[in-house]
Amino acid sequence: MSIGHALLGLLEGGPRHGYDLKRAYDERFGQDRPLHYGQVYSTLSRLLKNGLVTDAGVEAGDGPERKRYAITDAGVTDVERWLSTPEKPEPYLQNTLYSKVVLALLSGRGATEVLDAQRSAHLTAMRELTRRKADGDLADQLICDFALFHLEADLRWLELTAARIDQLAAEVTR
Amino acid sequence: MSLVKAEGLFKSFGKTRALDGADITIRAGEVVAIMGPSGSGKSTLLHCLAGIMPPDKGTVMYRDQDLTAMGDSARSELRRTEFGFVFQFGQLVPELTCVENVALPLRLSGVKRKQAERAALDWLAKLEVDTVADQRPGETSGGQGQRVAIARALVTGPKVIFADEPTGALDSLNGERVMHLLTTAARDTGAAVVLVTHEARVAAYSDREVVVRDGRARDVEFAR
Ligand SMILES: Nc1ncnc2c1ncn2[C@@H]1O[C@H](COP(=O)(O)OP(=O)(O)OP(=O)(O)O)[C@@H](O)[C@H]1O
Ligand SMILES: [Mg+2]
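Keep in mind that what you see is a predicted model, and the values were worked out from it rather than measured.

Participant: For this particular structure, what's the right way to read the overall build of chain B?
Facilitator: Scanning chain B from terminus to terminus reveals seven helices and ten strands. Relative to a compact globule of 224 residues, whose C-alpha radius of gyration would be 17 Å, chain B shows 17 Å and is just as compact. In terms of overall dimensions, chain B has C-alpha extents of about 45 × 40 × 35 Å along its principal axes. For chain B, the proportion of its 224 residues judged to be buried stands at 52%. Counted over contacts in chain B with a minimum sequence separation of 6, partners at least 24 positions apart contribute 70%. Element-wise, carbon and sulfur atoms account for 50% of the exposed surface of chain B, whose accessible area totals about 10,000 Å². Taken together, the 29 basic and 29 acidic charged side chains of chain B have centroids lying 3 Å from each other.

Participant: Explanation requested: the packing of helix α1 (residues 3-11) of chain A against helix α4 (residues 73-84) of chain A in the structure shown.
Facilitator: All names here are of chain A. Axis separation between α1 and α4 bottoms out at 10 Å; the angle between their running directions is 120°. Taken together, the axis directions place α1 and α4 in an arrangement best described as oblique. As for the relative orientation of α1 and α4, their crossing is left-handed in sense. Together, His5, Ala6, Leu8 and Gly9 of α1 and Gly75, Asp78, Val79 and Trp82 of α4 make up the contact between the two elements. Split into classes, the residues belonging to the contact of α1 with α4 amount to four nonpolar, three polar and one charged.

Participant: Before we go on, may I ask you to explain the site of ligand 1 in this structure?
Facilitator: Residues and elements named next belong to chain B. In the vicinity of ligand 1, the contacting residues are Phe13, Thr16, Ala18, Pro37, Ser38, Gly39, Ser40, Gly41, Lys42, Ser43 and Thr44. Residue lysine 42 places a side-chain N or O atom 2.8 Å away from an oxygen atom belonging to ligand 1. A distance of 2.8 Å is found between an oxygen atom of ligand 1 and a side-chain nitrogen or oxygen belonging to serine 43. For ligand 1, whose accessible area on its own is 640 Å², the fraction buried by protein is 57%. For the shell around ligand 1, the secondary structure elements donating two or more residues are β2 (16-27) and α1 (42-49). At three residues, α1 tops the list of elements feeding residues into the shell around ligand 1. Classifying every residue of the shell around ligand 1 gives three nonpolar, seven polar and one charged.

Participant: It is not clear to me how the sheet that holds strand β6 (residues 83-86) of chain B should be interpreted in this structure. Could you clarify?
Facilitator: Within a sheet, each strand pairs with its neighbour through backbone hydrogen bonds, oriented either parallel or antiparallel. Overall, mixed pairing links the six strands, which are arranged β6-β7-β8-β3-β9-β10 (chain B) in an open sheet. Since the sheet does not close on itself, it has two edges, and those belong to β6 and β10 (216-218) of chain B, each with one partner. This sheet shows a mean twist of 20° between the axes of neighbouring strands, independent of strand direction. Packing of helix α6 (residues 111-135) of chain A onto the sheet brings it into contact with β3 (31-35), β9 (208-213) and β10 of chain B, and relative to β9(B) it is tilted by some 145°. Contacts from α1(B) reach β3, β6, β7 (160-164), β8 (192-196), β9 and β10 of chain B, with the element oriented near 155° to β7(B).

Participant: Before we go on, may I ask you to explain the side chain of B:Arg213 in this structure?
Facilitator: Position of B:Arg213 among the secondary structure elements: in strand β9. Leave out the neighbours within four places in its chain, and B:Arg213 touches A:Thr112, A:Asp116, A:Arg119, A:Glu159, A:Ala162, B:Pro37, B:Ser40 and B:Arg218.

Participant: Sorry, what's going on with the environment of A:Leu142 here?
Facilitator: Mapped onto the elements, A:Leu142 comes out in helix α7 (residues 138-163). Between the alpha carbons of A:Leu142 and A:Thr173 there is a distance of 44 Å; along the sequence they are 31 residues apart.

Participant: Help me out: how do you make sense of the pattern of salt bridges in this one?
Facilitator: When charged atoms on two side chains of opposite charge get close, those side chains can pair. Here the structure, examined in full by the defined rule, presents 30 salt bridges over all chains. Residues A:Glu159 and B:Arg213 are paired through a salt bridge, measuring 3.5 Å at the closest nitrogen-oxygen approach. Residue A:Glu159 is found in helix α7, and its partner B:Arg213 is found in strand β9; the two belong to separate chains. Among the salt bridges present, the one from B:Arg63 reaches B:Glu82, with a minimum N-O distance of 3.6 Å. Residue B:Arg63 is found in the loop between β4 (57-62) and β5 (65-66), and its partner B:Glu82 is found in helix α2 (residues 72-82); the two are separated by 19 residues along the sequence. When salt bridges that share partners are traced, they join A:Lys133, A:Asp145, A:Glu152, B:Glu176, B:Glu199 and B:Arg201 into one network.

Participant: Explanation requested: the nonpolar core in the structure shown.
Facilitator: Side chains of nonpolar character tend, in soluble globular proteins, to be buried together. Ranked by internal contacts, the top residues of the largest apolar core, which has 59 residues, are A:Met126, B:Leu124 and B:Val148. Excluding residues within four positions of it along the chain, B:Leu124 makes contact with B:Cys98, B:Val99, B:Val102, B:Val129, B:Asp130, B:Ala133, B:Val148 and B:Ala151. With 30 residues, the next largest nonpolar core counts B:Leu9, B:Leu46, B:Val60 and B:Val196 among its residues.

Cut-offs used in this document
Residues numbered from 1 in each chain as written. Chains lettered and ligands numbered in written order. Predicted model: local features only at pLDDT ≥ 70, side-chain atom pairs only at ≥ 80, totals over all residues. Heavy atoms only, no water. Helix = DSSP H or I, 4+ residues; strand = E, 2+ residues; numbered from the N terminus. Rg over C-alpha atoms; globule rule 2.2 N^0.38 Å. Buried < 20%, exposed > 50% of the residue type's maximum accessible area, 1.4 Å probe, protein only. Contact = heavy atoms within 4.5 Å. Areas by Shrake-Rupley, 256 points an atom, 1.4 Å probe, with all protein chains shown as cover. Lys, Arg positive; Asp, Glu negative; His and termini not counted. Charge placed at Lys NZ, Arg CZ, Asp CG, Glu CD. Axes fitted to C-alpha atoms, helices over the stretch in contact; angles between N-to-C directions. Parallel < 35°, antiparallel > 145°, perpendicular 65-115°, else oblique. Left-handed = near helix turned anticlockwise from the far one by under 90°. Nonpolar A, V, L, I, M, F, W, Y, C, P; charged D, E, K, R; others polar. Near = heavy atom within 4 Å. Polar contact = N/O pair within 3.5 Å; in protein donor to acceptor, adjacent residues only side chain to side chain. Pairing = 2+ DSSP bridges. Salt bridge = Lys/Arg side-chain N within 4 Å of Asp/Glu carboxyl O. Core = buried A, V, L, I, M, F, W, Y, C linked by side-chain atoms within 4.5 Å.

Set out below in structure tokens:
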């Protein structure tokens, strides 16, 4: 998740100060990981330096956190480019899991146990998300669904690998 | 305390060994997902647990009654009063309206028509399908039909609901809706659910999972 782009996107609605941006970000995207103030200010100063945001004056009251930021034309172009570029389809867990399975087989440990333990951990996470979905609003549901479909994909891989474990064992220990 | 406990189940069809020493326990009120690859013996296990099919060897206890030692009529009486069933499809009587279908198990137990249909309508409303009460199953969508089937499974106040791929013929959104309604209704009434599924997102509605592989069930609770 590119925090810079998310903050730029939020600034398209109008100038805001850092604290306000953090709140808006946390409310919309921060379900699991709210931003630290440090992240917000370091991101904003990078955006400022790159000309993607500009100083929009100081709000009544004082202190550095009252400074307001506005998105520039270059910032808008940057958001547009970000939105139109698809994310890299990342096979994020398979590499680790595959390595674990192969290492278990090579060392004569049970690979099925590795797969079973992982399935159980995945299902526990999926139950938690399913519960959250039942209590949540539509935004929660969509965010949980995204995670659920990804975990499900991992699980399908686990099942398929479990079904081929004897074949894999024969190949890696040959 | 287990409500249903099966020990050492074996079942063969000709040369195919469908169950090969399966153990499983189901406690009152819990939702247990039975998972595992196609052909691993999930449906056979469910049928043995529910007293639909006798195992070749092994015992199935429901409370203190041994299903495998019971006569046919006592077993079907037990099924009718204590169990509810939901399958992938084809369980509703096509000639009856949805409300008549849901009222049917009560009618078979001797409940008067008016009273049975009132209870049936209540359940249809809880499952958000009272709108199709007067339609026949053939005139409903797949998702609506499954909800009607769940209402029918719940109407007698069963202690265990056996569900074999209840969302197998539905798209994701309808499948999730059906699972949500099924598990919520089961939790409200205290019924246990034995849910066969190969879909993880469906299994995520359960409290725990039991994996069946090559006719053997890995139930960590059984040993406790
Ligand atoms: N009535 C039957 N006659 C012959 N063989 C059967 C019968 N029922 C099941 N089998 C066989 O027993 C094995 C287990 O079948 P079962 O239906 O229990 O599997 P399953 O895990 O439910 O599979 P699926 O996920 O495909 O529904 C399979 O090899 C199947 O072909
Ligand atoms: Mg089956």
